[in-house]
Amino acid sequence: MKINGRHYRTIWRAEDGESVEIIDQTRLPHEFETATLRTLEDAGRAILTMQVRGAPLIGATAAYGVCLALQEDASDEAVDAAIAYLAKQRPTAVNLRWALDQMRKAIQNLPREERLAAAYKRAAEICDEDVETCRLIGTHGLKIIEEIASRKAPGEPVNILTHCNAGWIACVDWGTATAPIYMAHDKGIPVHVWVDETRPRNQGAALTAFELGAHGVPHTIIVDNAGGHLMQHGKVDVCIVGTDRVTANGDVANKIGTYLKALAAKDNNVPFYVALPHTTIDWTLNDGRIIPIEERPVDEVLKMPGRLADGTVVTVEIAAPGSPAGNPAFDVTPARLVTGLITERGICEATSDGLASLYSEKK
Ligand SMILES: CSC[C@@H](O)[C@@H](O)C(=O)COP(=O)(O)O
């Protein structure tokens, strides 16, 4: 997608052919900066500190992290250690495990001297595949928006609520939940997005609003607790969110607070869709309650970064001094609250049969 007229992906191999460039998401929305990853540890730190975040992008970064590790040492032992190190950086997004499995398969039977080139090739393919997958999610999800638009008066916008950031900066390009929105907007369908701020890290206010704004999509940032009220008053036509892991029975792990939005949507007959690539499906689990939920540092709850009037970016304390805090980063929305899953192969019910209808090879 474009920033100031220039097309960017969120991650790419640097011109030196060795290091990897990312958009540093910890600097957004106040500064648009790229950062260079030169070592395995750089890649691990970028994932842990959320310089890169969002399930597909975590996977893509881990893939390049394996390449960076191979530059140092292409032995079996080093590959195993690098994969184990990267896998533990964030536990909920299953795309991380998927990408590392792909990298292992791409190099494990090769002689050491061929591994680095094969790894860079597979990492680049993972990125390209993610772009195409998200584009296809967009084409399928677009039909939902078009159908709602067809029931509206001319010029009246389709109001979409989203949570967290499942946009292009959470993927390699396009995004999952945002891809149908960008396509609808580009087609001239009036859309308006309610952007949940998404405490504690404010991915909605900082990232989703940033990228929608950069693309000219009308949007409004709301506090996390406003969604239910807006739904009660008929101001939300559809919810579309992303996900970090969908179990084989259709349960959905996503950013903390997603579950409450799904409950409010159910109570108000607002359709609640989840957009995802196949890399987010965990075929090994049949119950969302056993998905590992990341606990993040409590400082994310107790402090907040922001920009002062003079442009300086600072972090301030916002809580009663000395009070303890908790920070579960994800929750699980049971499949029964999900209207449908929007995938690169089409839209299906959030059930085992629904997923099997699209991915029969996984049966
Ligand atoms: C297309 S990304 C989907 C999810 O990864 C996204 O909704 C989300 O919850 C991201 O969480 P984050 O903790 O910011 O990595």
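Definitions and cut-offs
Residues numbered from 1 in each chain as written. Predicted model: local features only at pLDDT ≥ 70, side-chain atom pairs only at ≥ 80, totals over all residues. Heavy atoms only, no water. UniProt positions renumbered as here; feature names shortened; annotations may be inferred. 1 Å grid on protein atoms, 1.4 Å probe; cavity = no way out; pocket = protein on both sides within 12 Å on 5 of 7 lines; lining within 4 Å. Helix = DSSP H or I, 4+ residues; strand = E, 2+ residues; numbered from the N terminus. Buried < 20%, exposed > 50% of the residue type's maximum accessible area, 1.4 Å probe, protein only. Contact = heavy atoms within 4.5 Å. Core = buried A, V, L, I, M, F, W, Y, C linked by side-chain atoms within 4.5 Å. Domains from an automatic or database assignment. Pairing = 2+ DSSP bridges. Right-handed = clockwise from strand over helix to strand, strands pointing away. Axes fitted to C-alpha atoms, helices over the stretch in contact; angles between N-to-C directions. Points joined across faces, edges and corners; volume = space filled by probe spheres on them. Nonpolar A, V, L, I, M, F, W, Y, C, P; charged D, E, K, R; others polar.

Caption draft 1: Main features of the UniProt feature "binding site: substrate" (unreviewed entry) in the protein chain. In the UniProt entry, the feature "binding site: substrate" (unreviewed entry) is given for Arg53, Gly54, Ala55, Arg90, Gln203, Asn254 and Lys255. For the largest cavity, the lining residues drawn from the annotated set are Arg53, Gly54, Ala55, Arg90, Gln203, Asn254 and Lys255. Inspection of the secondary structure assignment puts Asn254 in strand β11 (residues 252-255). Here Asn254 falls in the buried class, since its relative accessible area comes to 5%. Filtering out sequence-adjacent residues up to four positions away, Asn254 remains in contact with His163, Val241, Gly242, Thr243, Asp244, Phe330 and Asp331. Position of Lys255 among the secondary structure elements: in strand β11. When near neighbours in sequence (up to four residues on either side) are disregarded, Lys255 contacts Arg90, His163, Cys164, Thr198, Gln203, Ala329, Phe330 and Asp331.

Caption draft 2: Looking closely at the UniProt feature "site: Transition state stabilizer" (unreviewed entry) in the protein chain. In this structure's numbering, the residues bearing the UniProt feature "site: Transition state stabilizer" (unreviewed entry) are Cys164. Looking at Cys164, the relative accessible area reads 6%, which means it is buried. Excluding anything up to four places from it in sequence, Cys164 contacts Arg53, Asp196, Thr198, Gln203, Gly204, Thr208 and Lys255.

Caption draft 3: Inspection of the nonpolar core at higher detail. By size, the foremost hydrophobic cluster in this structure holds 80 residues, and its most contacted members are Ile11, Ile145 and Val191. With 13 residues, the top contributor of residues to this core is helix α5 (residues 112-150). Two domains share this core, each providing at least three of its residues, namely domain 1 (2-129) and domain 2 (134-362). Beyond its immediate sequence surroundings of up to four residues, Ile145 is in contact with Val158, Ile160, Pro180, Ile181, Ala184, Ile189, Val191 and Ile240.

Caption draft 4: How the structure looks around the pairing of strand β8 (residues 219-222). Pairing geometry for strand β7 (residues 191-196) and β8, over four bridges, is parallel. Among the inter-strand pairings, Val195 is bridged to a residue of β8, identified as Ile221. Crossover handedness for the path β7 to helix α7 (residues 203-215) to β8: right-handed.

Caption draft 5: Structural view of the sheet that holds strand β9 (residues 238-241). On the basis of which strands lie adjacent, the open sheet formed by seven strands has the order β8-β7-β6-β9-β12-β17-β18 and mixed pairing. Whereas interior strands pair on both sides, the edge strands pair on one side only; in this sheet they are β8 and β18 (346-348). Shown here is a sheet whose adjacent strand axes are inclined to one another by a mean of 25 degrees, direction ignored. Sheet topology note: the strand β17 (residues 340-343)/β18 ladder contains three bridges and is antiparallel. Each bridged residue has a counterpart across the sheet, and for Leu341 the counterpart in β18 is Cys348. Seen against the sheet, α5 touches β6 (158-162), β7, β9, β12 (272-275), β17 and β18 and runs at an angle of roughly 135 degrees to β17.

Caption draft 6: Representation of the layout of surface pockets in the model. Quantified by volume, the largest pocket comes out at close to 670 Å³. Along its surface, the largest pocket is lined by 25 residues, and Thr26, Leu28, Arg201, Met304 and Pro305 are the ones closest to its centre. Only α7, α10 (299-302), β14 (303-307) and β15 (313-317) provide two or more residues apiece to the lining of the largest pocket. Per-domain counts for the lining of the largest pocket show at least three residues from each of domain 1 (2-129) and domain 2 (134-362). Of the voids in this model, the second largest pocket is the one considered here, and its volume is about 320 Å³. Around the second largest pocket sit 17 residues that line it, and Trp98, His278, Ile281, Trp283 and Lys362 are the ones nearest its centre. Going through the elements one at a time, α4 (94-107) and β13 (281-282) are the ones with two or more residues in the lining of the second largest pocket. Of the residues forming the lining of the second largest pocket, the biggest block, six residues, is contributed by α4. By residue class, the composition of the lining of the second largest pocket is five nonpolar, four polar and eight charged.

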